[in-house]
Structures are given as structure tokens and as C-alpha cells.
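Descriptive structure summary
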Amino acid sequence: MINNTIAFVLFAVASYSIWLFLRYTAPKPNTFELTGVPLPQPLPDFEIDKAKPRPYRPFRWEYHQNMSLKKMEPDWWIELESTYRERVAQRKRLYAERGREILDAQPGSEAACKELTGMVIEFLCARYPKQFQFDPQNGSFHNRILDTMCNTRIVDPLVFLLHHVPEDFLITQKDQQTGLYFLRAGVSCSAVGWNLATKIGKPLHEIHAPVPDYKEKMQFSMDRYFDKMPCDKPIQRGSWGLEIGQPLFLQSDDSHFKLRETQNPNLQPEDIFLRVDWQTLRRLPKSQAIVFNFKALFTPVLFAKILRDAKKPLLDYKASAHVEHIILPILDRWSREQEEKGWVPTDWAERTLNEDPFFPGWESGI
């Protein structure tokens with residue numbers, strides 16, 4: 001009897017030892033393998049100070065309010081460019097000044113926040129190997145652009161994103177009682193007319209209440225899309241607006257926001273910028289949360305048809321009236337010049353370009 005007991009104990013110890021060995025030495029799939037989406041191709045010669053953002057122009061004509069989703073390009077989930085240092089510093093200042101309007105998380109979102117940050121670290125180190133390194137043995141993350149070291153085991157995951165990635169991340173999770181997706185956590189420094197504190201804890205249809213035609217044309221489709229979205233089919237889309245200057249975070253109590261209410265006759269064309277928020281949406285494989293991330297890019301204005309002929313609720317939502325008196329005549333003049341120089345056929349009708357969200361020849365400027 002004693003011999004049987006000893007044999008059983010030895011067997012249990014040996015089995016546990018083998019389990020520990022396999023757990024800590026066997027190759028583990030990275031999170032991207034679990035999603036079915038590959039890691040990005042590395043950019044070994046990437047130079048942050050020379051990097052330009054891709055020239056997103058998410059214009060469609062005829063314009064119909066819909067989700068306008070496209071398959072996400074895995075290499076471009078997170079795109080770094082020459083404003084990196086400036087934007088990271090700006091985001092830190094915003095958080096110090098605005099607190100939970102910028103960064104917050106509700107109970108129950110902890111695992112999703114940690115999972116997201118882990119995916120971001122994997123992406124950064126794979127895409128930009130000279131700029132970022134991560135040691136899984138001790139959790140240290142080295143940012144060579146900022147020349148900083150970070151212990152990812154003790155830093156708040158959302159604070160990590162704030163300090164290292166100049167993009168916004170919003171985490172939504174399914175409510176088991178209603179079946180709807182609610183905003184549960186996020187870091188958002190690029191909000192115009194809203195902030196995280198006004199949206200967190202709300203379902204999608206309440207978050208998007210100000211969007212024209214959302215309830216009538218998009219709510220049902222969006223709720224169904226979130227419920228059925230698979231991990232291996234992340235998507236991307238873009239939205240646009242017009243701004244005086246390049247405000248990143250703009251609230252209704254800001255004096256700059258008041259510029260949207262009147263047309264300044266002394267406004268100069270060079271003060272008007274097209275703002276494009278390039279957005280992606282993906283499901284996390286472990287927590288099953290859906291993450292919405294976006295970044296704001298500013299360029300000179302290059303379009304007229306939508307400003308002149310789009311539905312008024314859309315233009316009101318995009319707050320374009322305060323600059324139309326300046327920008328429309330200029331765009332009309334540019335359009336005539338393009339026709340006179342033969343760059344555009346005189347009988348060309350406005351339409352969504354085949355290169356959408358870009359334009360012919362865009363790659364030569366990068």
C-alpha cells in the first residue's frame with residue numbers, strides 16, 4: 001500500500017513538472033496568430049523624422065450616409081510619422097489638464113485593456129524594429145524615438161498607450177443583458193465637440209446620436225455588425241471635417257470652438273485645413289472586446305462638390321459653414337486651372353475615385 005502511494009505521488013510530481021516545462025518553454029502563439037491577421041511587414045529602414053502620413057481623402061460621390069467600411073490593411077493598423085514626438089507630448093499635456101475626459105476605464109474592462117496593449121506592443125516591435133524593443137522576460141519596453149524605458153508589468157495599459165502611441169483607442173464590450181456593445185474604456189485625445197467622459201458607459205446608438213441619419217439608416221446595421229464581427233476581418237474607414245488651424249482636442253467651452261459659429265471675412269485660405277480621422281475597428285481574440293482606434297491628420301483643403309451639394313444636416317454636423325465662403329471660390333478656381341492644364345478632362349463628372357481613399361499618383365509623394 002505504501003509503495004502504491006509513493007508511486008502515485010512520484011507520478012503526480014513528474015506530471016506537474018512536465019506540465020510546467022511545456023507551459024514555460026513551448027512556443028506560444030502571438031496574439032496576432034489568434035486573430036488570424038498576420039503581423040505587419042517590418043520597416044527596417046524607417047526614419048521617424050522623414051516619415052509622412054499617407055494622404056487619406058475619404059471622399060465619396062454621390063454621398064450616402066453609411067458605414068463605408070473597407071478591409072483593413074494589416075501593415076497600417078498603427079501608422080507613425082514625423083509629428084510623433086509633438087503629438088505624444090501634446091497628449092500627455094491634455095491628460096494632465098483634462099483627466100477622465102481623456103483616459104478612463106470601467107470595472108470589467110481590465111483584461112481587454114491589457115490585451116489591447118499587448119497587441120500594440122507586438123505590432124510596434126514587428127513594424128518598427130529599430131524604434132521599439134520589448135523584453136518578455138522582464139516586461140521592459142524600450143522606445144528609442146523618445147529614449148525611454150517602461151516596465152509594462154506595472155504601468156496602466158491605457159497610460160502606456162497614451163505615452164507611446166499618438167492614436168486614440170476606444171474599447172467596447174458586449175452587455176450580456178441587452179446584447180448591445182457599450183464603451184467601457186479608452187484613451188482619446190482627438191475628440192472634437194465630445195470627450196470620453198460624455199461617452200463612456202453608453203451603448204453605440206447613444207454615442208452616435210449626433211450623427212445625421214444614424215438612427216434611421218445605420219443603428220440596426222451597426223449593432224448587428226458588432227455582434228457578428230470576426231477577429232480575422234478588421235476594417236478601416238475615414239471621416240473628414242474642416243477646421244481653422246489644426247486643433248487636436250476641441251471642446252464646446254473652448255474659444256476656438258466659437259469660430260465655427262460665424263464666417264470671418266478676413267479668414268485666409270492657408271488657415272483652413274482638411275481634418276481626416278483615419279479609423280480602424282477590430283475584435284480582440286481573448287476578451288472578445290471590439291477596439292476602435294483612430295488618428296487625426298491635417299492637410300490643406302482639396303474638394304468642393306461635397307461642400308456645395310451634400311445634404312445640409314451632414315454639412316452642419318461637419319461644421320463647414322464657417323469656412324465655405326473662403327474655400328469654395330478657391331476650389332472652383334483650382335478646378336478650372338486643372339481643366340485648363342489638361343490634368344482633368346473638361347467633361348469629368350465628380351465621382352468616388354477608384355483609388356479611394358487616396359488619389360491617382362499619391363504614392364509618388366510619399
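The sections below set out a description of the structure shown in this document. (Residues numbered from 1 in each chain as written. Predicted model: local features only at pLDDT ≥ 70, side-chain atom pairs only at ≥ 80, totals over all residues. Heavy atoms only, no water.)

**Observations regarding empty space enclosed by the protein**
- Considering all chains together, one arrives at one cavity of 30 Å³ or more under this definition.
- Space inside the largest cavity adds up to approximately 60 Å³.
- Taken together, 11 residues line the largest cavity, and the ones lying closest to its centre are Trp-76, Trp-77, Glu-167, Trp-278 and Lys-295.
- Looking at the lining of the largest cavity, the elements that each hand over two or more residues are strand E9 (272-283) and strand E10 (290-300).
- By residue number, the principal contributor to the lining of the largest cavity is E10, which donates three residues.
- Looking at the lining of the largest cavity, its residues break down into six nonpolar, two polar and three charged. (1 Å grid on protein atoms, 1.4 Å probe; cavity = no way out; pocket = protein on both sides within 12 Å on 5 of 7 lines; lining within 4 Å. Points joined across faces, edges and corners; volume = space filled by probe spheres on them. Helix = DSSP H or I, 4+ residues; strand = E, 2+ residues; numbered from the N terminus. Nonpolar A, V, L, I, M, F, W, Y, C, P; charged D, E, K, R; others polar.)

**Describing the packing of helix H3 (residues 84-98) against helix H5 (residues 157-164)**
- Closest axis-to-axis distance for the H3/H5 pair is 7 Å, and the angle between their directions is 135°. The angle between H3 and H5 places the two elements in the oblique class. Here Tyr-84, Val-88, Arg-91, Lys-92 and Tyr-95 of H3 come into contact with H5, specifically with Leu-162, His-163 and His-164.
- Considering only residue class, the contact of H3 with H5 consists of four nonpolar, two polar and two charged. (Axes fitted to C-alpha atoms, helices over the stretch in contact; angles between N-to-C directions. Parallel < 35°, antiparallel > 145°, perpendicular 65-115°, else oblique. Contact = heavy atoms within 4.5 Å.)

**Side note on the sheet that holds strand E5 (residues 148-151)**
- Taken together, the three strands give an open sheet; going across it, the order is E3-E4-E5, and neighbouring strands pair in antiparallel fashion. The sheet is open, and its two borders are formed by strand E3 (132-135) and E5, each paired with just one other strand. Within this sheet the neighbouring strands show an average axis-to-axis angle of 15°, counted without direction.
- Sheet topology places strand E4 (residues 140-143) next to E5; four bridges connect them, and they run antiparallel. The residue bridging Phe-141 from the neighbouring strand is Cys-150, located in E5. (Pairing = 2+ DSSP bridges.)

**Points about unusual backbone geometry**
- Phi at Asp-147 is positive, roughly 55°, even though this residue is not glycine.
- Here Asp-147 lies in the loop between E4 and E5.
- Phi at Gln-288 is positive, roughly 70°, even though this residue is not glycine.
- Within the secondary structure layout, Gln-288 lies in the loop between E9 and E10.
- The exposure class of Gln-288 is partly exposed, given its relative accessible area of 38%. (Buried < 20%, exposed > 50% of the residue type's maximum accessible area, 1.4 Å probe, protein only.)

**Observations regarding the nonpolar core**
- Membership of the largest hydrophobic core comes to 46 residues, with the highest contact counts inside it found for Trp-77, Leu-80 and Phe-169.
- Those elements that place two or more of their residues in this core are H3, helix H4 (110-127), H5, strand E6 (168-174), strand E7 (181-187) and E10.
- Top element by residues in this core is H4. It accounts for eight residues.
- Apart from the residues lying within four places of it in its own chain, the contact partners of Trp-77 are Phe-32, Met-72, Leu-116, Met-119, Val-120, Phe-123, Glu-167, Phe-169, Thr-280, Arg-282 and Asn-293.
- If you look at the next biggest cluster of nonpolar residues, it comprises 11 residues, including Val-211, Met-218, Met-229 and Ile-235. (Core = buried A, V, L, I, M, F, W, Y, C linked by side-chain atoms within 4.5 Å.)

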